[in-house]
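# Structure assessment
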Amino acid sequence: MIIQLEPNITIDQKEKLIEQLEVIRYQSSEVVTQYGHYLIGIGKQPFDIRSIGNLPGIRDIHRVSDNYKLVSSKWKVKETRIDLGDGVEIGQGKLALMAGPCSIESEEQIASTIKHLQENNVRIMRGGVYKPRSSPYSFRGLGIEGLKMWYEQTRPAGIKIITEVMMTEQIDAMIDYVDVFQVGARNAQNFNLLDALGGVDKPVLLKRGISGTVEELLQVAEYIFSNGNERIMLCERGIRTYESVYRNTMDLNAVAMLKEKTHLPVIADPSHGIGVRRFVDKIALASVMAGADGVIVEVHQQPEKAFSDGQQTLSFQEAKRLYSRLRQTFELRESFQ
Ligand code: PEP
Ligand code: MN
């Protein structure tokens, strides 16, 4: 169960509540976030909800049978909207577009990408400065200096930055230059990193683990939420299956299901999802029809020269056509509801 507490609940009232939970054999954990104060009750015994709900200091009480609680749509029916400032919002009936290279490479590359994004009214730029690579000999990113260089150019342009943080130790140095922290698929079980991101006041985009289940993705989000950060979005980026003709298997079922199971925005990453440039547009459009609140795609001024993931990266021309089709598809989907 989730018990929403009044902000001014007294220590005495809280103790009485916890005692009452012990009586019905519920174990309780307190959660304080940037927006709310909750007590999470975990237990199985049936109980009369009024015996708890009528106690002083309680704003509301909800039964949530899912293993994850705070990220569940069972208690928060209204979808979450994440506001990045300057009119850039994600979720709740808007389509968020995020685009940029796999890796940040140079000042010139940043400038040409920003120009491309501005021409197409895309307000969020992706790019990696710390890259998890399968081979240690591949390009690993420009690091914090690359992030600063990127920030210098995006700020005046009104473009927001989403980039991957790989280690807890990187958070402090990155935080002033980042609008959304991305947790990569390979870090989906890095619980220290997830705990730490619970303590920051910046939104987090959580990628689904390479072999992670939908339920595990939701539990990972619960880690961040229960550590204090409610501004989370979930990202389907394909999973590993027995299929080998494409890089990953984009699980559009997960997009549709996540939209039902959670109030958090759901973003689709068709670039990593299929890993083959000529199919990225189709999978992106299908993700929107499946219910995605946004799409993140890899774009590059010369994909064949990209330092990483060129094989799945769209040219600016291809991306331009995709944004417009995504917007049209989104309108069509919304007209169905
Ligand atoms: C990326 O976004 O470039 C990336 C490495 O993604 P993932 O963690 O999904 O592989
Ligand atoms: Mn990539």
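Calculation criteria
- Residues numbered from 1 in each chain as written.
- Chains lettered and ligands numbered in written order.
- Predicted model: local features only at pLDDT ≥ 70, side-chain atom pairs only at ≥ 80, totals over all residues.
- Heavy atoms only, no water.
- Domains from an automatic or database assignment.
- Contact = heavy atoms within 4.5 Å.
- Salt bridge = Lys/Arg side-chain N within 4 Å of Asp/Glu carboxyl O.
- Donors = N, O, S within 2.8 Å, 3.2 Å for Na, K, Ca; no water.
- Helix = DSSP H or I, 4+ residues; strand = E, 2+ residues; numbered from the N terminus.
- Buried < 20%, exposed > 50% of the residue type's maximum accessible area, 1.4 Å probe, protein only.
- Expected span 1.5 Å × (residues − 1).
- Near = heavy atom within 4 Å.
- Polar contact = N/O pair within 3.5 Å; in protein donor to acceptor, adjacent residues only side chain to side chain.
- Areas by Shrake-Rupley, 256 points an atom, 1.4 Å probe, with all protein chains shown as cover.
- Phe/Tyr/Trp six-rings, centres within 6.5 Å; stacked < 30°, edge-to-face > 60°.
- Lys NZ or Arg CZ within 6 Å of the ring centre and 35° of its normal.

### A short note on the domain arrangement of the chain
The domain architecture assigned to the chain consists of domain 1 (2-62) and domain 2 (82-336). When each unit is reduced to the centre of its C-alpha atoms, the spacing between domain 1 and domain 2 is 36 Å. Contact residues are listed per partner, giving seven residues for domain 1 and seven residues for domain 2. Where domain 1 packs against domain 2, one counts zero salt bridges.

### Looking at the coordination of the manganese ion (ligand 2)
Listed as protein donors to the manganese ion (ligand 2) are Cys102 (SG), His272 (NE2), Glu298 (OE) and Asp309 (OD); their distances from the metal cover 2.0 to 2.4 Å. One chain supplies every donor for the manganese ion (ligand 2), spaced along it as C-x169-H-x25-E-x10-D. Taken together, the positions of cysteine 102 in the loop between strand S7 (96-100) and helix H3 (107-119) and glutamate 298 in strand S14 (residues 294-298) put the pair 196 residues apart, joining distant regions of the chain. By the burial criterion, cysteine 102 is buried, and glutamate 298 matches it.

### Quick look at helix H4 (residues 143-157)
Relative to the 21 Å expected for 15 residues at 1.5 Å per residue, H4 spans 22 Å between its end C-alpha atoms, a close match to the ideal helical length. For H4, the secondary structure elements touched by its buried residues are H3, strand S8 (124-126), strand S9 (160-164) and helix H5 (171-174). Downstream of H4 by one or two residues, glycine 158 has phi in the positive range, about 70°.

### Concerning the site of ligand 1
Close to ligand 1 lie Cys102, Arg126, Lys131, Glu164, Gln182, Gly184, Ala185, Arg186, Lys207, Arg237, His272 and Glu298, which account for all nearby residues. The side chain of lysine 131 places a nitrogen or oxygen atom 2.9 Å from an oxygen atom of ligand 1. Measuring from an oxygen atom of ligand 1, one finds a side-chain N or O atom of arginine 237 at 2.7 Å. When the free accessible area of ligand 1 is taken as 300 Å², the share hidden by the protein chains comes to 97%.

### Focus: the packing of aromatic side chains
Overall, the coordinates contain six aromatic pairs when judged by the stated rule. Seen from their ring centres, phenylalanine 139 and phenylalanine 307 are 4.9 Å apart, and the 85° between their planes marks the pair as edge-to-face. Here phenylalanine 139 is found in the loop between S8 and H4, whereas its partner phenylalanine 307 is found in the loop between S14 and helix H11 (316-336), with 168 residues between them in sequence. On the basis of relative accessible area, phenylalanine 307 is assigned to the partly exposed category, the value being 43%. With a centroid separation of 4.6 Å and 40° between ring planes, the pair formed by phenylalanine 191 and tyrosine 223 is classed as tilted. Of this pair, phenylalanine 191 sits in helix H6 (residues 191-198) while tyrosine 223 sits in helix H7 (residues 214-226), and the two are 32 residues apart along the sequence. Taking the relative accessible area as the measure of exposure, tyrosine 223 reaches 33% and is therefore partly exposed. One aromatic cluster in this structure is built from Tyr38, Trp75 and Phe225. Over the ring of phenylalanine 47 we find arginine 63, and its NZ or CZ is 4.7 Å from the ring centre.

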